[in-house]
Amino acid sequence: MSAAPLPLSPRFRYGAPLDVAEIDTGPMPTTAPATTRLPADWRDFLSLTKPRVMSLVVFTGLCGLLAAPGSINPILGFTAVLCIAIGAGGAAALNQWWEADIDAGMKRTSRRPLPQGRLNRTDARDFGIMLSVGSVLVMGLAIHWLAAAILAVSILYYAVVYTIWLKPRTPQNIVIGGGAGAFPPLIGWIAVTGHITPMPLLLFAIIFFWTPPHFWALALFVQTDYAKVGIPMLPVVAGEAATRRQILLYSIVLLPLSLTPWWIGGTGLIYGLSALVLSGLFLVQALPVAFRRKSGDDDRMKPEKRLFGYSILYLFILFGALVADRLILGGGLSL
Amino acid sequence: MTPDEEREYKARRRSRNIALGLTLAGFVLLFYLITIARLGG
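These figures come from a predicted structure and were not determined experimentally.

(A) Examining the overall build of chain B more closely. When you go through chain B residue by residue, the secondary structure sums to 1 helix and 0 strands. Principal-axis analysis of the C-alpha atoms gives chain B an extent of 60 × 10 × 5 Å. The buried share of chain B, taken over its 41 residues, is 12%. As presented, chain B carries roughly 3,300 Å² of accessible surface, and 63% of it is formed by carbon and sulfur atoms. Charge separation in chain B, taken as the distance between the mean sites of 7 positive and 4 negative side-chain charges, equals 14 Å.

Okay, here's the thing in structure tokens:
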């Protein structure tokens, strides 16, 4: 049993900025001199954009665009989703540029191009800035500037507010910083309508409240990595028991929140019933995570892994149902 | 630089140039289509 908080790196000071240079990165190298003379492979630049995370960003952005009342020229719609994807890729590159030393100390991230020395750190930063600025400019010129402004906010939110400011300082980093991942459907929706209404804000809120249980489920089974590099993830700082309680609380809130678009008449029955079933199942998956304790070092953390896997499926199906509702039933009111 | 390293260097440079060229060509096409879409709208 290990409900107590894991010890942080002795150099970590709660509430103080993390000096990445102080992190003990163990035996893994932060540079690989043998390969630094060679130009980076294009696949390394691609992996800087975190393509797997981008797939969820593209999907929710596309769903926001398709579920919005009104229509958009398919070319412009494609451009809007492309800008959301490139913006997310730019923010991810800036994240990896800033966290290269931290990534080197974690098993999950140690094989990324920067910790492996396959890419120059300055190149990664410039690549991130180029993608970020380019995506905002194209969004503004091709779609409109409100969508571009929100895209810019989402990039700054992830790269600065989350990565640089909150992540090394507070165990609530995921709660606030997770908002960065909630922007894509909002941007997609606004690309069509041109203005902010309650419905896209609700979609934002759903992803905002979905992120903590999704990420903390992951953090529960990779927490030793976070402790090693001094990142104050909730399981590291507050302990497993507190994290499990928080997962349950957010899962409870997610149920009525996911139904709100239907309650206010913004969607039809396809979405409403899907949200009820999916969020109910989310809660069912969160219960065993909330009321169990790790049984030892050989605990395979199956409920936590199951919740993490289901949470990804949840978001895909929920947003898929939102689009199906709009396309089949014509959706609800233009909220 | 050994012959092997030089070969690797050239291969990477070539693949990066191809990737960059394709990206630029994609953007040229995209901006053309955006222009047509905006003019049509």
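(B) Region of the structure containing the interface of chain B and chain A. Every contact between the two is made by 16 residues of chain B and, on the other side, 18 residues of chain A. Buried surface at the junction of chain B and chain A, both sides included, amounts to about 1,600 Å², of which 69% is carbon and sulfur.

(C) The packing of helix α4 (residues 74–98) of chain A against helix α7 (residues 145–166) of chain A, seen in detail. Residues and elements named next belong to chain A. Interhelical geometry of α4 versus α7 gives an angle of 20° and a closest axis separation of 9 Å. The angle between α4 and α7 falls in the class roughly parallel. With respect to the hand of their crossing, α4 and α7 are arranged in right-handed fashion. On α7, the residues touching Cys83, Ile84, Gly87, Ala91, Ala92, Leu94, Asn95 and Trp98 of α4 are Leu151, Ile155, Tyr158, Ala159, Tyr162, Thr163 and Ile164. Partitioning the contact of α4 with α7 into residue classes produces 12 nonpolar, 3 polar and no charged.

(D) How the structure looks around the environment of A:Ala321. Residue and element names in this part refer to chain A. Position of Ala321 among the secondary structure elements: in helix α15 (residues 302–329). Judged by relative accessible area, Ala321 falls into the buried class, the value being 7%. Leave out the neighbours within four places in its chain, and Ala321 touches Ile270, Tyr271 and Ser274.

(E) Up close: the packing of aromatic side chains. Residue and element names in this part refer to chain A. Enumeration according to the criterion identifies 15 aromatic pairs over all chains in this entry. Geometrically, the ring pair formed by Phe59 and Phe316 is tilted, given 4.6 Å between the ring centres and 45° between the ring planes. Residue Phe59 is found in helix α3 (residues 51–67), and its partner Phe316 is found in helix α15; the two are separated by 257 residues along the sequence. Overall, the relative accessible area of 27% leaves Phe316 in the partly exposed class. Taking 5.6 Å as the distance between ring centres and 65° as the angle between the ring planes, the aromatic pair formed by Trp97 and Trp98 counts as edge-to-face. Here Trp97 falls in the partly exposed class, since its relative accessible area comes to 22%. Three or more aromatic residues joined by ring pairs form one cluster here, namely Tyr157, Phe183, Phe204, Phe208, Phe209, Trp216 and Tyr250.

(F) Main features of the nonpolar core. All names here are of chain A. One finds Met139, Ile187, Trp210, Trp216, Tyr226, Met233 and Tyr314 to be the most contacted residues of the largest nonpolar core, which totals 84 residues. Top element by residues in this core is helix α10 (residues 198–221). It accounts for 15 residues. Shared between two domains, this core holds at least three residues of each, these being domain 1 (45–195) and domain 2 (197–335). Sequence-distant contacts of Tyr226, that is, excluding residues within four places in its chain, are made with Met106, Arg108, Phe215, Ala219, Ile231, Met233 and Val236. Core analysis: the second largest hydrophobic core is formed by 10 residues, Phe45, Leu114, Leu119 and Leu131 among them.

(G) Geometry of the pattern of salt bridges. The tally for this structure, following the rule as stated, stands at 12 salt bridges over all chains. Residue A:Lys167 pairs with A:Glu99 through a salt bridge whose shortest N-O separation is 3.1 Å. Of this pair, A:Lys167 sits in the loop between α7 and α8 (173–177) while A:Glu99 sits in the loop between α4 and α5 (100–104), and the two are 68 residues apart along the sequence. Accessibility assignment for this pair places A:Lys167 and A:Glu99 in one class, buried. The closest approach of N and O atoms between B:Glu8 and B:Arg12, which form a salt bridge, is 2.8 Å. Pair noted here: B:Glu8 and B:Arg12 are both in helix α1 (residues 3–40), with a separation of 4 residues, about one helical turn. Since its relative accessible area comes to 13%, B:Arg12 is described here as buried.

(H) Seen up close, the packing of helix α6 (residues 121–142) of chain A against α7(A). Residues and elements named next belong to chain A. Orientation of α6 relative to α7, taken along the N-to-C sense of each, is 160°, at an axis distance of 7 Å. With respect to their mutual orientation, α6 and α7 come out roughly antiparallel. Along this stretch, α6 crosses α7, giving a crossing that reads as right-handed. Taken together, the residues of α7 that come into contact with α6 (itself represented by Ser132, Ser135, Val136, Leu137, Met139, Gly140 and Leu141) are Trp145, Ala147, Ala148, Leu151, Ala152 and Ile155. Grouping the constituent residues of the contact of α6 with α7 by class yields 10 nonpolar, 3 polar and no charged.

The rules we used
Residues numbered from 1 in each chain as written. Chains lettered and ligands numbered in written order. Predicted model: local features only at pLDDT ≥ 70, side-chain atom pairs only at ≥ 80, totals over all residues. Heavy atoms only, no water. Helix = DSSP H or I, 4+ residues; strand = E, 2+ residues; numbered from the N terminus. Buried < 20%, exposed > 50% of the residue type's maximum accessible area, 1.4 Å probe, protein only. Areas by Shrake-Rupley, 256 points an atom, 1.4 Å probe, with all protein chains shown as cover. Lys, Arg positive; Asp, Glu negative; His and termini not counted. Charge placed at Lys NZ, Arg CZ, Asp CG, Glu CD. Contact = heavy atoms within 4.5 Å. Buried area = accessible area lost by both parts, 1.4 Å probe. Axes fitted to C-alpha atoms, helices over the stretch in contact; angles between N-to-C directions. Parallel < 35°, antiparallel > 145°, perpendicular 65-115°, else oblique. Left-handed = near helix turned anticlockwise from the far one by under 90°. Nonpolar A, V, L, I, M, F, W, Y, C, P; charged D, E, K, R; others polar. Phe/Tyr/Trp six-rings, centres within 6.5 Å; stacked < 30°, edge-to-face > 60°. Core = buried A, V, L, I, M, F, W, Y, C linked by side-chain atoms within 4.5 Å. Domains from an automatic or database assignment. Salt bridge = Lys/Arg side-chain N within 4 Å of Asp/Glu carboxyl O.

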